[in-house]
Each structure stands twice: as structure tokens, then as C-alpha cells.
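# Geometric and topological summary
Listed below are the residues making up each chain.
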Amino acid sequence: MSGGRLRRIVASARRLARQCRDVVARTSRIARWEVSRSAGTVDRKTVLALVVMALAIGTAGVSVSDSGLGLEREMYVAGVDEESRYYDVAVESEQFRAVPLDDIEADGGGDSTAETATIRGDANVDVVVTRDGRVGHVGDNGAAAYDAFRSAVEDYNAELMDDEADQAAAYPVLVSLEYQERDPDGSTDSGADDGNDAGSGDGTGGSTDGDGSATGGGGSSGTGDGDGRMQVPNVGDGGTSTSAGTPGSIAPPFPFESLVLAFLFVVPMNFVIQAYGSTIMDERVKRRGELLLVSPASRYEIVGGKTLPYLLGLVGIVAAITYAIEGGPIAVAATLPIALVFLAATFAGAMLARSFKELTFVTVTISVVLTTYTFIPAIFTDVNPIALISPLTLVVMDLQDESVRLGEYLFSTAPFYLSAVVLFLLGIGVYREEDMFAQKPIPTKVIDAIASRIHSRWSVPLLSVLFIPFVFAGQLLAVALLFAVPETVAVPVIIIIAAAIEEVAKSIHVYAGFARSRFDATLKTGVVLGVLSGAGFFVGEKITHIVQFVGLPELTVGAAAFGPAPSVSSEPVLYLAVLLAPLVLHVLTAVCSAIGASSGRNGYAIGFLVATLVHAGYNLGVLALVA
Amino acid sequence: MAILEVDDLRKEYGGFTAVEGSSFEIERGEVFGVVGPNGAGKTTTLKMLAGLIEPTAGTAVVAGHTPGEPAMQRRLGFLPEESPLYEEMTAVDYLEFFADLYDVPTDAARERIHDSLDRLDLEHRDRRIGNMSKGMQRKVAIARALVNDPDVLIFDEPASGLDPLTTNYIIEFTRELSDEGKTVVFSAHNLFHVESICDRIVIMNDGRIVARGTLEEIRDAHGGTEYHVYATADGSEGVEDGHSPLEVTRENGQVRHVVGDMAAVDAIRETVEADGGRVTDIQTKTPSLEEIFLEVAREPTAEAEA
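As recorded by an unreviewed UniProt entry, chain B carries the name ABC transporter ATP-binding protein and is attributed to Natrinema salsiterrestre. As stated in UniProt under Sequence similarities (unreviewed entry), the record for chain B gives "Belongs to the ABC transporter superfamily."

As recorded by an unreviewed UniProt entry, chain A carries the name PrsW family glutamic-type intramembrane protease and is attributed to Natrinema salsiterrestre.

### Considering the interface of chain A and chain B
Taken together, the contact between chain A and chain B spans 18 residues of the former and 21 residues of the latter. At the level of secondary structure, the elements contributing two or more residues to the side of chain A that touches chain B comprise helix H1 (3-39), helix H8 (289-293) and helix H14 (433-436) of chain A. It is H1(A) that contributes the most residues to the side of chain A that touches chain B, four residues altogether. Split by residue class, the side of chain A that touches chain B holds six nonpolar, three polar and nine charged.

### With respect to the domain arrangement of chain B
What the domain assignment reports for chain B is domain 1 (2-220) and domain 2 (226-285). The straight-line distance from the C-alpha centre of domain 1 of chain B to that of domain 2 of chain B is 47 Å.

### So, the environment of A:Leu336
Residue and element names in this part refer to chain A. Structurally, Leu336 can be placed in helix H10 (residues 329-352). Residue classification places Leu336 among the partly exposed residues on the basis of 19 C-beta atoms within 10 Å. Along the chain, Leu336 and Leu311 lie 25 residues apart, while their C-alpha atoms are 8.6 Å from each other.

### Some words on the pairing of strand E3 (residues 31-35) of chain B
Looking down a regular strand, the side chains alternate between one sheet face and the other. Residue and element names in this part refer to chain B. Where burial is concerned, most of E3 is hidden: five out of the five residues are buried. Residue alternation in E3 divides its side chains into two sets, Val31, Gly33 and Val35 and Phe32 and Val34, and both sets are buried. The pairing of E3 with strand E7 (residues 183-187) spans four bridges and is classified as parallel. Among the inter-strand pairings, Phe32 is bridged to a residue of E7, identified as Val185. Taken together, the four bridges between E3 and strand E8 (residues 200-205) define a ladder with parallel strand orientation.

### Points about the environment of A:Gly603
All names here are of chain A. Structurally, Gly603 is set in helix H22 (residues 601-626). Linking Gly603 and Ser533, residues 70 residues apart in sequence, is a C-alpha distance of 18 Å. The residues touching Gly603, leaving out its near neighbours within four places in the chain, are Gly596 and Ala597.

### Some words on the packing of helix H7 (residues 256-285) of chain A against helix H11 (residues 356-379) of chain A
Residues and elements named next belong to chain A. At a minimum axis distance of 10 Å, the contact between H7 and H11 shows a crossing angle of 160 degrees. Relative to H11, the element H7 lies roughly antiparallel. Between H7 and H11 the crossing geometry is right-handed. Here H7 contributes Leu259, Ala262, Phe263, Val266, Asn270, Ile273, Gln274, Gly277 and Met281 to the contact with H11, which in turn contributes Phe356, Leu359, Thr363, Ile366, Ser367, Thr371, Thr374, Phe375, Ala378 and Ile379. For the contact of H7 with H11, the residue count by class is twelve nonpolar, seven polar and no charged.

### As for the pairing of strand E9 (residues 208-213) of chain B
Residue and element names in this part refer to chain B. Judged from the five bridges that link them, E8 and E9 form a sheet pairing that is antiparallel. Residue pairing across strands places Val202 opposite Arg212, the latter belonging to E9. Counting the residues between successive antiparallel strands, the hairpin from E8 to E9 contains two residues, one of them, Asp206, with a positive phi of roughly 50 degrees.

### Some thoughts on helix H17 (residues 468-482) of chain A
Residue and element names in this part refer to chain A. Here H17 contains 15 residues, and its C-alpha end-to-end distance of 21 Å stays within 8% of the 21 Å for a straight helix at 1.5 Å per residue. Across the 15 residues of H17, eleven count as buried, placing the element largely inside the fold. Burial in H17 covers these residues: Ile468, Pro469, Val471, Phe472, Gly474, Gln475, Leu476, Leu477, Ala478, Val479 and Ala480.

### Examining the nonpolar core
If you look at the biggest cluster of nonpolar residues, it comprises 192 residues, and the most contacted ones within it are A:Phe342, A:Ala344, A:Phe347, B:Val147 and B:Ile154. The dominant element in this core, judged by the number of residues it contributes, is H10(A), at 16 residues. Excluding residues that lie within four positions of it along the chain, B:Val147 makes contacts with B:Leu95, B:Phe98, B:Ala99, B:Tyr102, B:Val104, B:Ala109, B:Arg112 and B:Ile113.

### Description of the packing of H1(A) against helix H9 (residues 299-324) of chain A
All names here are of chain A. Relative orientation of the contacting elements H1 and H9 amounts to 50 degrees, with a least axis distance of 7 Å. The angle between H1 and H9 falls in the class oblique. Remark: the crossing between H1 and H9 carries right-handed chirality. Residues Val23, Arg26, Thr27, Arg29, Ile30, Ala31, Glu34 and Val35 of H1 touch H9, and the partners they reach there are Glu301, Ile302, Gly304, Gly305, Lys306, Leu308 and Pro309. Looking at the contact of H1 with H9 residue by residue, the class counts come to seven nonpolar, three polar and five charged.

Cut-offs applied
Residues numbered from 1 in each chain as written. Chains lettered and ligands numbered in written order. Predicted model: local features only at pLDDT ≥ 70, side-chain atom pairs only at ≥ 80, totals over all residues. UniProt positions renumbered as here; feature names shortened; annotations may be inferred. Contact = placed C-beta atoms within 7 Å. Helix = DSSP H or I, 4+ residues; strand = E, 2+ residues; numbered from the N terminus. Nonpolar A, V, L, I, M, F, W, Y, C, P; charged D, E, K, R; others polar. Domains from an automatic or database assignment. Buried ≥ 20, exposed ≤ 12 C-beta atoms within 10 Å, placed from the backbone. Pairing = 2+ DSSP bridges. Axes fitted to C-alpha atoms, helices over the stretch in contact; angles between N-to-C directions. Parallel < 35°, antiparallel > 145°, perpendicular 65-115°, else oblique. Left-handed = near helix turned anticlockwise from the far one by under 90°. Expected span 1.5 Å × (residues − 1). Core = buried A, V, L, I, M, F, W, Y, C linked by C-beta atoms within 7 Å.

If you want it as C-alpha cells, here you go:
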């Protein structure tokens, strides 16, 4: 390399470094002044309200973290004497309140003080432990109380065994439990050993619900037959019955506490976006942003500077919550993309809204949609891999001390990061005098925002790729909402929804380009843009194959949304056909929409409809072929 | 040397043309007026010069840079028609913020800010802007436009909605800035202000420039100075070609001859005296900018070059 060339490279690098330094400096200045300025807008009452809210959230978090929700505290009453070996179980269990047998009051008659308690009708207890050590249940809540008491006994025993110095003696048999996905026909595989144990047989599958044990006299008592570790008395004159255990009786698959704690991360975002949205709206409604636009700061620096304090604030809050509930760094890392999407969506919404009233609608919509999108999938953290579409699932996993793999993190968060980037870019596209202060209808502004990113024909395939995260998120949300619906309904609906979402992503920017005169409205241009858009989308769509790593295509609705997982055929021609068929489809349907878009709004609507139907037909055909 | 050059500038919004074919140059230290009725394209033109609006076609060069470039923005001070200030900040904080944004060193910024506020006679500088009167807010806005010590200032309706005292203060201040060598592009509806401080003017109508030049040049192009010659007899008969009166009327027993130059006045006088009459009065009539403005605003929008 010649000396002159090296010097030029060094000079370019220095210039680039200086420009980066200037960008960072201006952005941080705007951020600093944004904090200073915003501080002047907050009065004492608001500060007080914020402090109270923060304390409430903090207290709730710490409380749940330390001692659970407490919703079940002393929910049941156990009649048991102090002398009973079950007394400590009742006392130590949070769910039970112990009362002596002498204090049992039976409404339906019976001898509560007898050596063998016989109770008919209602009583002030749910579970009774007789003096001879038998356990039974009474009343409407009896069966549930009995199950809870069983669990309490198991927990108590487990605790005793954990405290046992000789662990080999305490656990002579090793048992591993593994949950299996439910088959569509409803059968279950409950439990599997890991090959290390001498057999499962822990009795958890043999719990007793006593439902069928109620006998005459209006009594609702029931008994269980026990599992060898509990002596179940025949309380009253009912018989006994047994039933198969459910996974729920083994361990809760619903991570309730972790979910509540994870929800705490989302709550502050809903408040912060209100303030953030108002700040952006303020710049527009009062034209205050005009003077920043005429300064040497670019609109990227301005938006960055205005967003940074809110993002850092959210990260700080999330970090504080994480510290309070003893979460790990992964909780913060998983929450960051959620915070970014909240802010990006609010920014884009605030750029589109024409008034504070519309902004309220926008922020509420964002709150509801994003909270739903992040929270509902996380409910299925322990059940189904689809839960990973939400980064909140990673938080739940972290709070349950489960490890999170890099692939899982990327799968959950990449669509959020990309969506945030695209939303910010679209918002910044209309962060200019001509759009910021104009009272245009929202659809017009959306088209303006998209058109602002079209600089040449090559912008079309690029935008098709950039819209992939929205397609991914939209289709995953549809899958999440519909996977519990009967497949006969869910599959056709999702086929059409998935096709429509993809066709929007392939055509909306082409329409925007024609509508804002970025392209000549000719048939030839429409065909060229359609081909570019379809091909770009084909490339971007391949990203969605990442779903293979989490097994979503194994779900029928997942396959309907994303297509079946490609399989390698031994026949090269067939393999090529399978690979290229989607390309042909995307190009064909994109050309349909683009030709329509070149002739105006009505033409676009017709072209889009045709494209969606063709696409849906293709998906249906592929599904039928695979099935 | 021109510090601001505009060549065939055009701005379209959908099918509507807001500015079409604007071309002009502004010399360093000039006060350049842009006038026209509402919707004429004045503000759009000024915002294109400020880099706020991207032209559909044509070019503008301000201080050697294209509008929108950071280097150009550093040399520009822009005062929009409204005063969109951060009302929750104090005047000093607000100005320091913008000085910071323009990379003005802290000490220099403070000195410049207080100097500007002194010159603008702004008191209560630590009061929140939202608690200031409109006149005070306007002064803060002007101080903000000066915070980067710009070479070119664009003032769009700087005295809009202000009381006469504050208005005069701002007009005088604009003149002072020009005397200091700053170039000012000045737009106002009050044509008296434009007439009193602008070196050159363009008049816009329907997005086009319909008149341009110094005030004298525009007057000449749109009727110029008229002379009303009052005489006891009609002197229009027999006057030499080229000196014929533009208009002859009878008022109170006198004949009024309207002519365009002093040579015609002399010709009329000679004719009247040859007929035995005498000239009783000669009045000079100069059209105001407002009269010219009203005239060109009614005309079709073909540009009338001076």
C-alpha cells in the first residue's frame, strides 16, 4: 500500500471519528437539555404521584419476590390437634389455618369431637385430621383443600428430607419429571424417567379428588385412598375414589409469580411512553421543533437526544426492579428491546397523531397491543416454545433460574430490535418541517413516512426486507392468539391473515412510491418494482426460518403462518422447485399489487386483494400437499 | 459579492405549486425585503433558504453552502413568524441551550447572550419564558437567532402582533444589524417597515416574483413619480409628441395635467402660457410601496422585471 493511500485512509478514519464524536456530542447535549427542560414541566403534585407509583410498584415487587403474592394465604382451614403429626404441616403451610378438633362446628350434624370425626353438611373447616391420623375433607372446598393439604404434606416431607443429613437415606429413589407437549388429540405423556432412577412411582399420579365420594345426608365429604405416604381417613360415610393425576398436581406449569414479577417490568413503560409521546407531540403542536430543525443538529441527533433520557430512564427502572427482585442481567437485556419498541412505536405514533387527543389513542393502543404481545405468550413459558416470541418469556425464565441460550435470546429479541429501528426510521422520515406541522390524515402521513425512505428503485427490495420483523411479529401474534382456537377455524383464518400481512409488507412501499411520485406510474415500472419487492421479500422471509430452531412449524397453525419446514429432498429438481416456488409466488403477487398501485388507490386495493387471494391459495395448496 | 443566491427555485405540494421560478441574489450586508399577499409563497421561500423545506427544483446557496448543511446552518439565524419557544425554560437557559447546540463556547455564549439581551433591552431574564409578554418573547426569539453570531439572518414577520413601541425597537435593531455587516432577509406585511429598512425588495404573488429591485426601480417600473400640473387653461393641445399628458381633468375651474417627467411639465407650461393661461400649481405624486403592491397583486402573475 502506498504512503499516500495510507495517509488518505488515516485521514478518512480521523474524519469519520470526528464526525462520530460530533454526533455523540450533539445528541448528548440535546439529551441533557431535554432532561433539564422536562424537569421544568413537572410540578410537585406530579412528582408526588410518580414517587407514590414507584413505591407501590417497588413494594409489590419486593413483596411478591419475598413471599409470593399471598393470594392463597390461609385460604383453607384444617381441623387438627396439636398432638397430630399433621399439625406442623398445617401451621407451616401458608394456605392453611389450623383449628383444634374441639373447635369444629358442624352445621349438618355429626360428632366433631369424636375420635373419628363424622361430619355431615357444612362445617367451619375444609380438611379434618382425626385423632387417629386419618385425613378427610368437608364442604364445597373440601376436595380442593384436600389436594392442597396433600401438596403441603409433600412439601413438608420434602423439606424434612432436604434437612436430613443422610441424603442417600432421604432419597433412596431418584425421579426425574419431564413435561411433554400435548398431542392434538388430547392424550398426554406424563412423566418420564431419565434412566437413572429405579422407577417413577412417586405416587403423584395417584392423587385423590374424592369427587365421587359424597354420600347421602347432604354431606359433601370425600376421602382419598392415599399414596402410601398419607393415611386418608374415611371422614363421614362416603366412599373413596381415585383418579388420574394431572400435571398440575405435580407442579404448576403456570409460572404465576414469575409472570407477575415480569409484568412489573412492563408497567413503567406504559407510564414513560405517555411522557415521551407528549414531548414529541409538544414539538409538533407548538412548532417548537422548528428551531431545532434549523440548527446544525440533524433530525437523527434531535430524535436520538430526545429519546435517550427516556430510554436510559427505563433501563434504570428495569435495572432497579431486577435488583429488587433478585433477577439476573438477562432480565435487563430481555427488557431493553421491549423498551425500545415501546418508545419507537410511541415516537412513530406521536409523529402521526394530529392532536393530543389522537396521541392518547395512539399510546393506549400501543400499551394494550405491546403489553398483550409481550405478556400473553409469556404465560406459556413452561408449556410451549411459542412463548419465546416475547422477550418477557426470557425474563420469566430468568426469574425461574432457567438458563437462556443465545439462540433463544436472538429469536425473542431480534424482531423487537429490528421493529424498533424501522419504526424510528419511519418516524424520523416525517420529522421535518413539511410533515411535522401539517394537519394531514394519518394514512397520508404513513404513506409520507414510507415514501421518505424511497430514494431509488433499490429502496423497494430493501424496505421489503426491513418490513420482515413486522410480518414476523404480526404472524406470530396471530399464531399466539389463534393456536388455542379449534384448528378447523384457526387454520383458514390464519392462512388469509398471514397472506394479507405479507402482501402488505411487499406492496405498501411500492404504493407509497407511486403515490408520492417517486416513480413513473407506468405498467413497466410496476412490473419492475413488483419483481424487486417480491425478490427482496423472498430473501427477508428466509430469516423467518429461524423458527425452526424453536420448533414452531411443528404447530399446525405455525405451519399455516410460516409454511412447513423445508425438507431436503433427494431429488434435486424437486428440491429446487420447493426452494424457488416461494420466490415465484412472492414475485407474482408483488407484481399484482405493484401494477395495481401504479394506477392509484383503487387499483392498489384490487391488486392487493388479488395478490392476497393468490397467496392464500398457494399456502393452502402447500399445506394440503404436505398433509 | 452575493452571499445568497437563488436560482429557479420551485416548491410543489402534490399538485399545488407554492413557489415557482424564484431567482435572486443578495449582497453581503443588504437588507432584502420579501413582500406579497398571504399565500404568495414568501414563507415557503424563506424556509427553503433556511433549509427547513426541500425545494422541488432549483438551487439555493447561502454563505457558500446548500441550505440544510450543518456548515450553512451555523452561519444562519432564523426567526420564524411565530415564536416557538420552550416556555418552561428561562430566557437565559433557553439561549444557552441553543448556544450549546451551535457549539458556541460557554464563556463566549454567556457574553453574547447578555450582550444581545442588553441591546434588546430585555429585563427579567431569569423569568420563565411562558411568563413573559409577547414582546419580551419576541426579543428572546431574536436573541436566539443571534446566538451563533450568524452572517445571514432570515426574519419572517419579526414584528407581527407587537405594539408600535416594540415594533419600532425591532425595526431599529434590524437596521443596526445591517449596519454591522449582517445580511438580513426580511419579510413583513407592514410595507412601511419594508420601505423604511430594505435596500432591495421582491414582491411575490401566487408563488412567483412579480416585481424586484430597489424601491425606486420598482416605482419606475410601476408608474414611478407623477407630476400634477394645475393650470388655468388646457395645455394638452399642441404639446410636442412624447410630452402628452397621461391624463387631463377639470377640477374647480382648473385643468389638471398628469405627466410622467419634468420635461413634460415644461412642455405643458409652455403650451398653457402660449394660450394666455398660467400654471397655478405643480404637485409631485410618488406611489407608496403599498400602492404598487396593491397594483401588482391584482395583476396577472407574469413577472414584471424592473
